[in-house]
Amino acid sequence: MIDSHCHIDEEAFNADRDEMLQRQKDGGIEAIVIPGVNKHSINAILDVCRRWRGFCFPVFGLHPQDVADDWQEQLELIHRAILEHTGSDLDVSERIVAIGEIGLDYHYTRDFDAAQHEVFSTQLRWASELDLPVIIHSRDATADCLAIVKEHIASRTMANDKYPKGKCQGVIHCFSGSAEVAQQWLDMGLYLGIGGVLTFKNSRLAEHLSNVPLERLLLETDAPYLAPTPHRGERNEPILMRYVVMKLAEIYNCTPAEVIEVTSANSRKLFRLP
Ligand SMILES: [Zn+2]
């Protein structure tokens, strides 16, 4: 199993981070992708990835919920870190595998809508310039998020753009939309990140995935958040993805081993993991 979205750098893991990571490795987790949320994430993520070389992989970006009055300064610092940590000559612990998490979040405030839009578009542009995938966070903002990604795809004309034409490389983290929205993301070339929400009692996600091939799904935790049932409400960790795997095996009428094989291959391909 590969966890394509895990906040191991967060405070919730301060007391037992290395112990917890060893447990994941022993429990069959193959790799963990750690997305950034703001400028403070950078060093914390690098610290984990250096100590867990080839097991944990860094990602930097400015999260929409972290877009506040200082967004320009944050973005500049993050851009510098992205440039410093991109390139095939870098060690695997130093090289970012994506830009994220980026996107839109209208849940808590609408005060920074315009700034969120600019921050999102800017980071999408960096990703295509650097040929990196993106990890997209979209909360209560589906229509605008779709529109910005579509606009980005249509406007890409730069000579050094290595992205496949008409597509965006990346994943919609914690996907929970309708079947129709799922199809729109798939058409743009994106993967859907599936985690604990799939196991929640009132979730309709299973039916919304009915036309989504397993080849377009990534497993994720969003740990320490969103632990799957029967651990809902507890601190999440990658090995708990086995409950999500069991549910997916049921939905796709295959074995858990097949779910793991396909989703791991998807993550390896998107993030170009070694
Ligand atoms: Zn996240």
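The preceding data block contains the structure.
Keep in mind it's a predicted model, so treat the numbers as computed, not measured.

The rules we used
Residues numbered from 1 in each chain as written. Predicted model: local features only at pLDDT ≥ 70, side-chain atom pairs only at ≥ 80, totals over all residues. Heavy atoms only, no water. Helix = DSSP H or I, 4+ residues; strand = E, 2+ residues; numbered from the N terminus. Rg over C-alpha atoms; globule rule 2.2 N^0.38 Å. Buried < 20%, exposed > 50% of the residue type's maximum accessible area, 1.4 Å probe, protein only. Areas by Shrake-Rupley, 256 points an atom, 1.4 Å probe, with all protein chains shown as cover. Lys, Arg positive; Asp, Glu negative; His and termini not counted. Charge placed at Lys NZ, Arg CZ, Asp CG, Glu CD. Pairing = 2+ DSSP bridges. Right-handed = clockwise from strand over helix to strand, strands pointing away. Arc of directions from axis to C-beta. Contact = heavy atoms within 4.5 Å. Core = buried A, V, L, I, M, F, W, Y, C linked by side-chain atoms within 4.5 Å. Donors = N, O, S within 2.8 Å, 3.2 Å for Na, K, Ca; no water. Tetrahedral: all angles 85-135°; square planar, octahedral: opposite > 155°, others 65-115°. Axes fitted to C-alpha atoms, helices over the stretch in contact; angles between N-to-C directions. Parallel < 35°, antiparallel > 145°, perpendicular 65-115°, else oblique. Left-handed = near helix turned anticlockwise from the far one by under 90°.

### Some points on the overall build of the chain
Okay, so step 1: The number of helices and strands found in the chain is nine helices and eight strands.
Okay, so step 2: Relative to the 2.2 N^0.38 estimate, which gives 19 Å for 274 residues, the radius of gyration of the chain is 17 Å and therefore close to what a compact globule would have.
Okay, so step 3: Seen through its principal axes, the chain has C-alpha atoms that stretch 45 × 40 × 35 Å.
Okay, so step 4: Counting every position in the chain, which comprises 274 residues, the buried fraction comes to 54%.
Okay, so step 5: Surface exposure of the chain reaches about 11,900 Å², of which carbon and sulfur atoms provide 49%.
Okay, so step 6: Between the averaged position of the 27 positive side-chain charges in the chain and that of its 41 negative side-chain charges there is a distance of 4 Å.

### Overview of the pairing of strand E5 (residues 134-139)
Okay, so step 1: By the bridge criterion, six bridges tie strand E4 (residues 99-105) to E5 in an arrangement that is parallel. Bridged to leucine 104 within E5 is serine 138.
Okay, so step 2: A crossover connection joins E4 to the parallel E5 through helix H4 (residues 113-130); in handedness this β-α-β unit is right-handed.
Okay, so step 3: Pairing analysis gives three bridges linking E5 to strand E6 (residues 170-172), with the strands arranged parallel.

### Here we look at helix H6 (residues 179-187)
Okay, so step 1: Burial in H6 covers these residues: Val181, Ala182, Trp185 and Leu186. Axial view of H6: buried residues confined to an arc of 140°, hence all on one face.
Okay, so step 2: In this structure, the buried residues of H6 make contact with helix H5 (142-155), E6, strand E7 (191-194) and helix H7 (205-208).
Okay, so step 3: Looking at the residues trailing H6, positive phi occurs at glycine 189, about 95°.

### Side note on the nonpolar core
Okay, so step 1: Of all hydrophobic cores here, the largest spans 73 residues; its most connected members are Cys56, Val149, Trp185 and Leu192.
Okay, so step 2: Here the element with the most residues in this core is H4; it accounts for six residues.
Okay, so step 3: Once residues lying within four places of it in the same chain are set aside, the contact partners of valine 149 are Phe120, Leu124, Ile136, Cys168, Trp185, Met188 and Leu190.
Okay, so step 4: Within the second largest apolar cluster, 15 residues are counted, among which are Ala31, Val33, Val59 and Leu273.

### A few points about the coordination of the zinc ion
Okay, so step 1: For the zinc ion, the protein coordination sphere consists of His5 (NE2), His7 (NE2), Glu101 (OE) and Asp222 (OD), at 2.1 to 2.6 Å.
Okay, so step 2: Every donor counted, the four donor atoms about the zinc ion form angles of 85 to 174° at the centre, which fits irregular coordination.
Okay, so step 3: Summarised as a motif, the one-chain spacing of the donors to the zinc ion is H-x1-H-x93-E-x120-D. Taken together, the positions of histidine 5 in the loop between strand E1 (2-3) and helix H1 (17-26) and glutamate 101 in strand E4 put the pair 96 residues apart, joining distant regions of the chain. Just as histidine 5 is buried, glutamate 101 falls in that class too.

### What about the packing of H4 against H5?
Okay, so step 1: Between H4 and H5, whose axes approach to 10 Å, the crossing angle comes to 40°. The orientation of H4 with respect to H5, classified from their angle, is oblique. Of the two possible hands of crossing, H4 and H5 adopt the one that is right-handed. Along its contact with H4, which presents His117, Phe120, Ser121, Leu124, Arg125 and Ser128, the element H5 presents Asp144, Cys145, Ile148, Val149 and His152.

### Describing the side chain of serine 264
Okay, so step 1: As for its position among the elements, serine 264 is in helix H9 (residues 256-271).
Okay, so step 2: You can call serine 264 buried: its relative accessible area is 4%.
Okay, so step 3: Those residues within four positions of serine 264 in sequence are excluded, and the remaining contacts are Met1, Ile2 and Glu30.

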